[in-house]
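Listed here are the chains, written in short residue letters.
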Protein chains: 2
Amino acid sequence: MATREKSGCPINLSLELVGDRWTLLIIRDLVFAGKRHFREFLQSDEGISSRTLAERLQTLQDEGILTRSDDPTHGLKTVYRLTEAGIDLLPVLATLGAWGSKHRKADERLARIAEELAAGGEAALERTKTTLRAEHIV
Amino acid sequence: MATREKSGCPINLSLELVGDRWTLLIIRDLVFAGKRHFREFLQSDEGISSRTLAERLQTLQDEGILTRSDDPTHGLKTVYRLTEAGIDLLPVLATLGAWGSKHRKADERLARIAEELAAGGEAALERTKTTLRAEHIV
DNA sequence: CCGCATCCCTATAGATACTG
DNA sequence: CAGTATCTATAGGGATGCGG
């Protein structure tokens, strides 16, 4: 990515990083599907290519949204985790999910989950965030 | 756009429509800058091209996010307005703006506005929505 | 097996100029 | 004024390769 900033508008700055077809899907998989490894991200229903995935993981790391580390139990594997800045994207995912549930033909089961998270407001978001943070300490 | 659906995930369905560099900037200009005409969108700081703008306005209309109509006071002009589905994207803009304010180097003044809207919660969002709806009746 | 890097090729984005 | 035509640049899919 690394496009030069086109304006200081907060919405624009956010979109310069996450405003594409794939970035928020990767973060969704980190948050809701508990994915941590390269191969797992490759296997999402939407089918990201390995080339695009590698590039996005790199820039997300460069921009402080996630961290890369070695899997202690399995030398070959690399573990990706969200930083605080990444976890803070949860409200964006929640509002996007709520909108999709309401205005697009979403899968019934997933739609209900999205609506519940959105309806739960701040409290529900905080609970999810706490769960995500716990993993870093472990 | 019109890419065939890659999954029924609500977040994915949202991203298939608004997950790109420009769509949410157009909606931002409709919501916060009160823009209504083709030329006005062209003049945003980020500099969208006329071709891309025309295409996005078309698909947004096709997907029921905005409406196109003639300006009664000025025969040549076309007026773009958000539908209810479009207005419902406001929480997405709000969370994106809040994230950008907190985690990117955003313009001071705009950052404060974004933070206030986010901090205001549901009530602040509802007030903005009401203002937007009023325009349709007029 | 793992996380990528590289290559090739096509689809789409975008700049610029122009039209009804 | 709201868009198109045309041309070029880039993003991205898919196959394959490669060091650890």
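Source: prediction; values computed, not measured.

The rules we used
Residues numbered from 1 in each chain as written. Chains lettered and ligands numbered in written order. Predicted model: local features only at pLDDT ≥ 70, side-chain atom pairs only at ≥ 80, totals over all residues. Heavy atoms only, no water. Near = heavy atom within 4 Å. Polar contact = N/O pair within 3.5 Å; in protein donor to acceptor, adjacent residues only side chain to side chain. Helix = DSSP H or I, 4+ residues; strand = E, 2+ residues; numbered from the N terminus. Phe/Tyr/Trp six-rings, centres within 6.5 Å; stacked < 30°, edge-to-face > 60°. Buried < 20%, exposed > 50% of the residue type's maximum accessible area, 1.4 Å probe, protein only. Lys NZ or Arg CZ within 6 Å of the ring centre and 35° of its normal. Least-squares fit on C-alpha atoms with pLDDT ≥ 70 in both. Contact = heavy atoms within 4.5 Å. Axes fitted to C-alpha atoms, helices over the stretch in contact; angles between N-to-C directions. Parallel < 35°, antiparallel > 145°, perpendicular 65-115°, else oblique. Left-handed = near helix turned anticlockwise from the far one by under 90°. Expected span 1.5 Å × (residues − 1). Buried area = accessible area lost by both parts, 1.4 Å probe. Nonpolar A, V, L, I, M, F, W, Y, C, P; charged D, E, K, R; others polar. Salt bridge = Lys/Arg side-chain N within 4 Å of Asp/Glu carboxyl O.

J.: Go over the protein's contact with DNA strand C, please, and point to the residues and values.
T.: In the vicinity of DNA strand C there are 19 residues, among which A:R39, A:Y80, B:W22, B:S49 and B:R51 approach most closely. Near-protein atoms of DNA strand C (within 4 Å) split between backbone and bases, with sugar and phosphate holding 57%. Taking B:R51, its side chain carries an N or O atom lying 2.8 Å from a base nitrogen of DNA strand C. Elements with a contribution of two residues or more to the surface near DNA strand C: helix 3 (38–42), helix 4 (50–62) and strand 2 (78–82) of chain A together with helix 4 (50–62) of chain B. It is helix 4 of chain B that contributes the most residues to the surface near DNA strand C, 5 residues altogether.

J.: An account of the packing of aromatic side chains is needed here, citing residue identities and associated values.
T.: Two aromatic rings, taken as a pair, are described by how far apart their centres are and by the angle between their planes. All names here are of chain A. Following the criterion strictly, the structure yields 2 aromatic pairs over all chains and no others. Look at F41 and Y80: their rings are 6.3 Å apart centre to centre, the planes differ by 70 degrees, and that puts the pair in the edge-to-face class. Taken as a pair, F41 in helix 3 and Y80 in strand 2 lie far apart in primary sequence, 39 residues in all. With relative accessibility at 4%, the residue Y80 sits in the buried group. Over the face of the ring belonging to W22 we find R21, whose NZ or CZ atom lies 5.4 Å from the ring centre.

J.: Talk me through the relation of the copies chain A and chain B; I want residue IDs and the actual numbers.
T.: The transform that puts chain A on chain B rotates by 180 degrees and translates by 0.0 Å along the axis, for an RMSD of 0.1 Å. Overall, the copies show the geometry of a two-fold rotation axis. For chain A, the minimum C-alpha distance to the rotation axis belongs to A:D20 and amounts to 2.2 Å. Taken as a fraction of all interface residues of chain A, those also at the interface in chain B reach 100%, which identifies the copy contact as same-surface.

J.: Explain the environment of B:R112 to me, and be specific about the residues and the numbers.
T.: Looking at the secondary structure, you find B:R112 in helix 7 (residues 108–119). A C-alpha to C-alpha distance of 7.7 Å links B:R112 and B:S101, two positions 11 residues apart in sequence.

J.: Help me get a handle on the packing of helix 6 (residues 90–103) of chain B against helix 7 of chain B, residues and values and all.
T.: Residues and elements named next belong to chain B. Their axes nearest at 8 Å, the elements helix 6 and helix 7 cross at an angle of 125 degrees. Viewed along their axes, helix 6 and helix 7 adopt a mutual orientation that is oblique. Our pair here, helix 6 against helix 7, has a crossing hand that is left-handed. Judged by residue contacts, L90, A94, G97, A98 and S101 of helix 6 engage A111, A114, E115, L117 and A118 from helix 7.

J.: An account of helix 6 of chain B is requested, with residue identities and associated values reported.
T.: Residues and elements named next belong to chain B. Between its first and last C-alpha atoms helix 6 spans 20 Å; for 14 residues at 1.5 Å apiece the expected length is 20 Å, and the two agree. With 11 of its 14 residues buried, helix 6 lies for the most part within the structure. Among all positions in helix 6, only L90, P91, V92, L93, A94, T95, L96, G97, W99, G100 and S101 are buried.

J.: If you had to explain the interface of chain A and chain B to someone new, which residues and values would you point to?
T.: Chain A puts 46 residues into the contact, and the matching count from chain B is 46 residues. Here chain A and chain B share an interface that buries about 4,000 Å² over both sides, 66% of which is from carbon and sulfur atoms. For the chain A face of the interface with chain B, the top three residues by lost area are A:I11, A:R21 and A:W99, together amounting to 17%. For the interface between chain A and chain B, the tally reads 23 residue pairs in polar contact (both at pLDDT 80 or more). Of all elements in the fold, only helix 1 (10–18), helix 2 (23–31), helix 6 (90–103) and helix 7 (108–119) of chain A reach the threshold of two or more residues within the side of chain A that touches chain B. Its residues assigned to classes, the side of chain A that touches chain B shows 23 nonpolar, 10 polar and 13 charged.

J.: An account of the pattern of salt bridges is needed here, citing residue identities and associated values.
T.: Two side chains with opposite charge may pair up if their charged atoms get near one another. What the rule picks out here adds up to 24 salt bridges over all chains. A salt bridge links A:K129 to A:E126; its shortest N-O distance comes to 3.9 Å. Highlighted residues: A:K129 and A:E126, both in helix 8 (residues 121–137), separated by 3 residues, approximately one helical turn. Note that B:D29 is salt-bridged to B:R28, the shortest N-O span being 3.1 Å. We classify B:D29 as buried; its relative accessible area is 6%. Through salt bridges with shared partners, a single network forms among A:R28, A:D29, A:K35 and A:E46.

J.: Run through the protein's contact with DNA strand D, naming residues and quoting values.
T.: Taken together, 15 residues are adjacent to DNA strand D, and A:T52, A:R56, B:R39, B:S50 and B:Y80 come closest. Of what DNA strand D places within 4 Å of the protein, 48% of the atoms are sugar or phosphate. One of the side-chain nitrogen or oxygen atoms of A:R51 is found 2.8 Å away from a base nitrogen of DNA strand D. A:R56 places a polar side-chain atom, nitrogen or oxygen, 2.2 Å from a phosphate oxygen of DNA strand D. Of all the secondary-structure elements, those providing two or more residues to the surface near DNA strand D are helix 4 of chain A together with helix 3 (38–42), helix 4 and strand 2 (78–82) of chain B. With 4 residues, helix 4 of chain A is the largest single contributor of residues to the surface near DNA strand D.

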